[in-house]
Amino acid sequence: MKLIIVRHGETLENKIGQLQGQLLQGELSGDGIIQANKLSNKLKKEKIDIIYSSPLKRALDTARIVGKLHPNIPIKTDKRIIERALGNFEGMCLKKFKSLNLDIDDEKLMDKENVEKIGEMTNRVKEFVKELKEKKREKTILICGHFWINTILSSYLLGREEGISKYQNIPNASISIFEFKNNTFVQKAIRCDKHLID
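One structure accompanies this document, and this report is about it.

## Here's the deal with the sheet that holds strand S1 (residues 2-7)
Overall, mixed pairing links the six strands, which are arranged S3-S2-S4-S1-S5-S6 in an open sheet. One side of each edge strand has no neighbouring strand; the edge strands of this open sheet are strand S3 (75-77) and strand S6 (184-192). The sheet shows a mean angle of 20° between the axes of neighbouring strands, taken without regard to direction. Of the pairings in the sheet, the one linking S1 to strand S5 (residues 175-181) comprises five bridges and is antiparallel in character. Along S5, the bridge assignment pairs Ile5 with Ser176. Sitting on the sheet, helix H6 (residues 118-135) is in contact with S1, strand S2 (50-53), strand S4 (140-145), S5 and S6, with an inclination near 160° to S4.

Put into structure tokens, the structure is as follows:
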């Protein structure tokens, strides 16, 4: 099994520095559409068997653009790869959020602010990956998600238990690739966005 994990293209909300979470669907910006088309072009030679997308518009629109060069490949939405619920921070300006100097891994704080915990996201991801292993073991699967859920997914595939704040940024329309061999996932690419520069 081969997993190609991509983040959605830039949104209007990304452009103005607004936290989106689950409540804001996110509209691809002009640059985001260009990024999604470059992503599609980069992946056009991949023999993708199925595309899974978060049901949020920004991810689904990106998946559909990629899917244009794979016209016979089904696109399925799956709530298990939806973005992290950001609770009281949904829609907040990123600069304001950063100025609060909060520990995003502090579970007591997350409870207070109604933010989805890392463990809850990890459980979603575990269930999703388990199903892929059982039903799609020999397939190449494209997964179109978001910053936080892709971070958790990549971490889980590599068997890491680090907190989310310790990860580097995942650029819009970037690609990470993992192959499942000898009952373990091997990282082949991580947060690659060179295709956006061409």
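## Here we look at the pattern of salt bridges
If charged atoms from side chains of opposite charge come close, those side chains can pair. Applying the stated rule across the entire model yields 13 salt bridges. Residue Lys57 pairs with Asp61 through a salt bridge whose shortest N-O separation is 2.6 Å. Of the two residues, Lys57 and Asp61 both sit in helix H3 (residues 57-67), four residues apart, roughly one turn of that helix. Note that Lys181 is salt-bridged to Glu179, the shortest N-O span being 3.2 Å.

## A short note on the packing of H6 against helix H7 (residues 147-157)
At a closest axis distance of 9 Å, the pairing of H6 and H7 adopts a crossing angle of 65°. In terms of crossing hand, the pair formed by H6 and H7 is right-handed. Within the contact between the two elements, H6 uses Ile118, Met121, Thr122, Arg124, Val125, Lys126 and Val129 and H7 uses Trp148, Ile149, Ile152, Leu153, Tyr156 and Leu157. Residue classes in the contact of H6 with H7 are distributed as ten nonpolar, one polar and two charged.

## Some words on unusual backbone geometry
Its identity as a non-glycine residue notwithstanding, Asn182 has a phi of 50°, on the positive side. The topology assignment puts Asn182 in the loop between S5 and S6. Residue Asn182 is classed as exposed on the basis of its relative accessible area of 78%. One non-glycine residue, Arg191, lies in positive phi territory at about 50°. The class of Arg191 is partly exposed, set by a relative accessible area of 24%.

## Observations regarding the nonpolar core
Within the largest apolar cluster, 33 residues are counted, with the highest numbers of intra-cluster contacts made by Leu3, Leu132, Ile141, Ile143, Leu157 and Phe185. Broken down by secondary-structure element, the contributors of at least two residues to this core are S1, S2, helix H5 (107-113), H6, S4, H7 and S5.

## Looking at the side chain of Arg80
Position of Arg80 among the secondary structure elements: in the loop between S3 and helix H4 (94-99). Within the structure, Arg80 has its side chain in polar contact with the side chain of Glu127 (distance 3.4 Å). Side chain to side chain, Arg80 and Glu131 meet in a polar contact 3.2 Å long.

Parameters at a glance
Along each chain, residues carry numbers from 1 onward, in the same order as the chain's sequence is written. Only residues with pLDDT of at least 70 get local features here, since the model is predicted, and only at 80 or more are side-chain atom pairs given and counted; chain-wide, interface and lining totals rely on the full set of residues. Only hydrogens and water are set aside when side-chain values are computed; all heavy atoms of the structure are taken into account. Two strands are counted as paired when DSSP detects at least two bridges linking them. Each helix corresponds to a stretch of at least 4 residues labelled H or I by DSSP, and each strand to a stretch of at least 2 residues labelled E; elements are numbered beginning at the N terminus. Fitted lines through C-alpha atoms give the axes, limited to the stretch in contact for helices. The angle between two N-to-C directions lies from 0 to 180 degrees. Only heavy atoms matter for contacts: two residues are in contact if any of them lie within 4.5 Å across the pair. Here a salt bridge means any side-chain nitrogen of Lys or Arg lying within 4 Å of a carboxyl oxygen belonging to Asp or Glu. Here a crossing is taken to be left-handed if its near helix is turned anticlockwise relative to the far helix by less than a right angle, and right-handed if that turn runs clockwise. All residues other than Ala, Val, Leu, Ile, Met, Phe, Trp, Tyr, Cys, Pro, Asp, Glu, Lys and Arg, Gly among them, are scored as polar; the first ten of these are nonpolar and the last four charged. Each residue gets one of three labels from its accessible area relative to the maximum for its type: buried under 20%, exposed over 50%, partly exposed in between, using a 1.4 Å probe on protein chains only. Among buried residues, the Ala, Val, Leu, Ile, Met, Phe, Trp, Tyr and Cys ones that are joined through side-chain atoms within 4.5 Å form a nonpolar core. By the criterion applied in these results, polar contacts are pairs of N or O atoms within 3.5 Å in which, for protein atoms, one can donate a hydrogen and the other can accept it, and in which residues neighboring in sequence qualify only through two side-chain atoms.

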